[in-house]
Structure formats: structure tokens, C-alpha cells
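Observations on the three-dimensional arrangement
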Amino acid sequence: LADSEKAMRLARLSASLLILLLGATPVVAAGLPYRLPGGAAEASDPFIAAGFRALFTCSAHFAMGRPLEDILAVELADTGTLGLPAPQIDVDRALVTAVDGRGHTRIAAFRDTMGCTILPPHWDAGDVARLPYLARPQPAPRTELNFPLGDRARPRPGSALSGVVAAAFDASSYGEGSLTAGVLVVKDGALLAESYRDGFGPEVGYRTWSTAKSITATLIGIAAHQGLLQVSDPAPVPQWQHPADPRAAITVSQLMWMSSGLWSQGSNTNALYFGGQDVVSAATTTPLEAQPGSRWKYANNDTLLLLISLKAVLGDEARYLRFPYQELFEPVGMHQTWMETDHQGNFIGSSQIYTTARDLARFGLLYLQDGVWQGRRLLPPGWTAFVATPAPSRPSQPGELGYGAQFWLLDQLDGIPPGTYSSMGNKGQFVTIVPSHDLVIVRTGVDPRGTRFQLGAFVRDVIAAL
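Parameters and conventions
Residues numbered from 1 in each chain as written. Predicted model: local features only at pLDDT ≥ 70, side-chain atom pairs only at ≥ 80, totals over all residues. Heavy atoms only, no water. Buried < 20%, exposed > 50% of the residue type's maximum accessible area, 1.4 Å probe, protein only. Helix = DSSP H or I, 4+ residues; strand = E, 2+ residues; numbered from the N terminus. Pairing = 2+ DSSP bridges. Phe/Tyr/Trp six-rings, centres within 6.5 Å; stacked < 30°, edge-to-face > 60°. Lys NZ or Arg CZ within 6 Å of the ring centre and 35° of its normal. Polar contact = N/O pair within 3.5 Å; in protein donor to acceptor, adjacent residues only side chain to side chain. Expected span 1.5 Å × (residues − 1). Axes fitted to C-alpha atoms, helices over the stretch in contact; angles between N-to-C directions. Disulfide = S-S within 2.5 Å. Contact = heavy atoms within 4.5 Å. Core = buried A, V, L, I, M, F, W, Y, C linked by side-chain atoms within 4.5 Å.

1. Quick look at the pairing of strand β15 (residues 429–434)
Most of β15 is tucked away: six of the six residues are buried. Burial of the side chains of β15 extends over both faces: Gln429, Val431 and Ile433 are buried on one face and Phe430, Thr432 and Val434 on the other. In terms of strand pairing, strand β14 (residues 421–425) meets β15 through five bridges, oriented antiparallel. In the strand pairing of β15, Gly425 is matched with Gln429. As paired elements, β15 and strand β16 (residues 439–445) share five bridges and run antiparallel to each other. Within β16, the position partnered with Thr432 by the bridge is Ile441. The turn joining β15 and β16, which pair antiparallel and follow one another in sequence, is formed by four residues; a positive phi near 50° is taken by Asp438.

2. Section: the packing of aromatic side chains
Scanning the model with the defined rule gives 27 aromatic pairs in all. Judged by centre distance (4.3 Å) and plane angle (20°), the rings of Phe52 and Phe56 are stacked. You can see Phe52 and its partner Phe56 sitting in helix α2 (residues 46–63), four residues apart, about one turn around the helix. These aromatic residues form a ring-pair network of at least three members: Phe52, Phe56, Phe200, Tyr206, Trp209, Tyr273 and Phe274. One cation-aromatic arrangement involves Arg207 over Tyr273; the distance from NZ or CZ to the ring centre is 5.4 Å. Sitting over the face of the ring of Trp296, Arg394 holds its NZ or CZ atom 4.2 Å from the ring centroid.

3. What to know about the environment of Asp370
Following the sequence through the fold, Asp370 ends up in the loop between α11 (357–368) and β10 (372–373). Along the sequence, Asp370 and Tyr133 sit 237 residues apart, while their C-alpha atoms lie 33 Å from each other. Only 2.9 Å separates the side chain of Asp370 from the side chain of Thr384, close enough to count as a polar contact.

4. A closer look at helix α5 (residues 211–225)
Think of an α-helix as 3.6 residues a turn; residues three or four steps apart then line up on the same face. Compared with the 21 Å implied by 1.5 Å per residue over 15 residues, the 22 Å span of α5 between its first and last C-alpha is a close match. The element α5 is extensively covered by neighbouring structure, given that 14 of its 15 residues are classed as buried. Backbone geometry just downstream of α5 places Gly227 in the positive-phi region, at approximately 80°.

5. A short note on the sheet that holds strand β3 (residues 105–111)
Spatially, the four strands line up as an open sheet ordered β1-β2-β3-β4, and their pairing is antiparallel. Two strands in the sheet have a free side with no partner beyond their single neighbour: β1 (88–90) and β4 (115–118). On average, each strand axis in the sheet is tilted by 20° relative to the strand beside it, whichever way the strands run. Here strand β2 (residues 95–99) pairs with β3 via five bridges, running antiparallel. Residue pairing for β3: Val96 is matched across the bridge by Ala108.

6. Section: the state of the cysteines
Structurally, a disulfide amounts to a covalent bond that connects the sulfur atoms of two cysteines. Scanning all chains against the criterion turns up one disulfide. The disulfide bridge from Cys58 ends at Cys116, spanning 2.0 Å between sulfur atoms. The sign of the S-S torsion, about -80°, decides the handedness of the disulfide formed by Cys58 and Cys116: left-handed. With Cys58 in helix α2 and Cys116 in strand β4, the pair connects residues that are 58 residues apart, well separated along the chain.

7. Quick word on unusual backbone geometry
Trans is the common state for peptide bonds, and a negative phi is the common state for residues other than glycine. Backbone torsion omega between Phe147 and Pro148 reads 10°, so that peptide bond is classified as cis. Mapping Pro148 onto the fold places it in the loop between β4 and α4 (159–167). Although it is not a glycine, Trp209 sits at a positive phi angle of roughly 50°. Relative to the helices and strands, Trp209 resides in the loop between β7 (206–207) and α5. Phi at Met258 is positive, roughly 60°, even though this residue is not glycine.

8. Some words on the environment of Gln344
With respect to the helices and strands, the residue Gln344 is situated in the loop between β8 (338–339) and β9 (353–355). Each C-alpha atom, one on Gln344 and one on Leu288, is 26 Å from the other, the two residues being 56 residues apart in sequence. Apart from the residues lying within four places of it in its own chain, the contact partners of Gln344 are Pro132, Asp278, Lys311 and Glu317.

9. Brief notes about the nonpolar core
By size, the foremost hydrophobic cluster in this structure holds 132 residues, and its most contacted members are Ile220, Met256, Tyr367, Trp383 and Phe458. Take this core: its biggest share by element is eleven residues, from α2. Excluding anything up to four places from it in sequence, Tyr367 contacts Ser214, Thr218, Leu379, Trp383, Thr384, Val387, Phe407, Tyr421 and Ile433. Of all hydrophobic cores here, the second largest spans six residues; its members include Leu95, Ile107, Ala109 and Leu131.

Remember, this is a structural readout, not a statement about activity or role.
This is the structure:
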């Protein structure tokens, strides 16, 4: 027991020293030329902002076909006050470059089957060939099939529902200053309502932000159904498999519940998302600060560790890069979805997925149908109940949002039916599943910083209109 305690303290001390070094000095290993206050880069840092601008422009333009003028006004609005020059789009090489005003250039590269990746600061355009690439067939258009199996759709909302959907776009009814990009309402498998703001549409979407966490959870569910892992088992993170490393006891379910007990700064992963850091160094180097399972703390790293575990059990990089597409996106028809990676080929599945509102509606329908799609079971029996059950370390409270397993729980809010749960992403990305009404509600947004779309009120009004 004494030796075990010593080993735990040593592991905590070693990781704590690493964090202190990262927070106190320029991060040479991660390639970041600026200090990272408290261990994470501030969003207002021009270096990070330039990476943000390069990456968002790359994904919005090359994956979603949006013009630079509109990207500057929508996706990049929050960085507009920094006075940085507009990003430069190189169409021939599928690159976007952005500068930070301090002599540093950030580059994001698009690959047709991989989406966009921000290059590390020490790479240049000649290094793009070093990025992982996986060829995969591109699906043909499905205009002859009705939604959700295809893309043919003629929504016919009633007048009451039309009014609620219109109110979601008025920038006041559900949050002053909110900017809705798209709304879909699917009931009993039929697309009742579909509407978009200018610049978006059925084939033009947006970054999921943390709705990606729910998609990552689904990949873990698929792996569990295939017998690749068990959620009750310790997470097979290779970097923790050392004698007496206390983190080796953290289970997959504890990561799903945001209850790992690992140190983190919560949702702040700007160095990874926009600074060029890699997933492994971002997620596997932090120490325990609480007993696993004893504390709930929202942390992007917990989600990233799930994907590191998935990669470990698959044991093959090509199989890992194909897994989301072959096992989820293609079977469900999410053909306008890109799951983007870091420069080492690790999925940034806590935030960095680009998709459309229709594909998100298909994703919601998979959960509404208990993990079965067209007669094929993708998720284990009981998986939908698992993700919608309160995490043991975060019991639900009346009037408050609850948390399950990489999904948020709405059923303690006033007027929301029991069993209602939702993905939630920054700037208002929601896929809400209402099993008692056979209903999926998708709202995507580009809400400015500090604006909150009132999801509970919107869901209540949609249900009332139906």
C-alpha cells in the first residue's frame, strides 16, 4: 500500500511539473511561440486567433462551399475586432493562410476525404504531404429517395410550427442577438420543417463544436456493440500503461460521464483546436486531481481520451480513420459529414466535425430508433438509455440541465417531457431527442460570443405547435 501511494504521488508530481512547465514557459514541444496562461491559450491571443481564422475559413470554404466574404461576417465575426488581415484562400492547393500580425503565418490544409487540419507552427505548405490521408469512395447523390434515406424532401409545417421556426431566426425570441443557421423538425420519421439563414442550406453546414462529443460517444457505442471494448473496463490509453500509473484505473464509462478526475481547464483546448498541438500530448499528460468517478467536470480531454482508446483497440491507423465513415456516417446516410484530425491523424472528436443540419437529424433519428437503422443494429441494446441516464457524479436537479454520457439531459426543465436529451455545442448546435413524442429537433447556430439560445423554451414551443 505504501509503495502504491508513493507511485501515485510520483505520477501526480511528474504530470504537475509538466503542466507548470507548459504554463510558465514558451511551449517549444507543441510549437507554440507564446506563453499559455494557466496552461491554455487565450482565445484573444492573435496567434490562436490566426489559427482559428485559417481553420474555420478552410472548412467553411472547401468542405461547405461558403464564400470568404460571408465567412468573415459569420464564422470569423468574433475575431473581427483584432484587426487581422483577411485569410488567403489558395484554391489550387486547397490551403488557407492567415497571419497574426506578429510575423507568424498559420496554414490550414483541406483534403477531400479528411476535411481541414491546422498545421503545426513549425510546418509550412511543403509539409502538407506529411498529413495522413485515406482514400474512400464518395457517395452518389440520393435525390430520388425521400429524407432521411435520401435528400428529397418537401417539408409542410403547420402554421403554428412555421411561426415557431421563424421565431428561431428573429434574433430575439430565443435569445437576444442569437443567430440561427438552420432548424429541422422531424416527427414520426417525417421532415415537417426545415429552414436556413442566408448562406446555409441542406448541403451547407457548420462546425458541430461540442455536438461532436455525442458523435464520439456513438462511435464508442458502436465499438462496444462490436465487442471491441466494454465501457465498464479501464480505458486502454497506451500512454497510461506504466506500472502504478493511477490513471490506468479510469474506465471508459467515467470518461463518458466527464468523471475522469483528471486535471483540466474544462472546455478550453485552444492550443489543440487552433494552435497546432496534437491530441495525444494535449489529452494524455495531465494528472489526477480527484478519485475517478467521484467528481463531474466538463472536459474536452475526456472525450479525446475516448478516441485515443478507440484507436488503441482498433490497432490500425487506416481502420481508425475509416471507422467513423464505415460504421456510422455511411450506414446512416451522413454523407455531408467530415470528422477532422490533427496533423498526426488523431480525430479531434470533442469539437471538430463539420456537417449539415440534415445529417444531424439523421444522427438524432438513430437515437430515436434505439440505435437501429433500417433494421440494422448499430448500437448495443440499452445504449440510448445509458447516454440519457444521469452520470452518477452529477445527479439531476429540478430546473437544471443534467448530464448523461456525452449528452445533456433536458427533462428536469419546466415543460420538457421526461426522457428528453440533447447534444450541445458552442454557438448553439443542438440535436434534441424527444422519445415520448417520436421527435428530433435540430438547431444549428452561429451565435456571437456570450449569446445563449434558449433551447428549453424552443423545444417546449415546438412540442406545443405540434
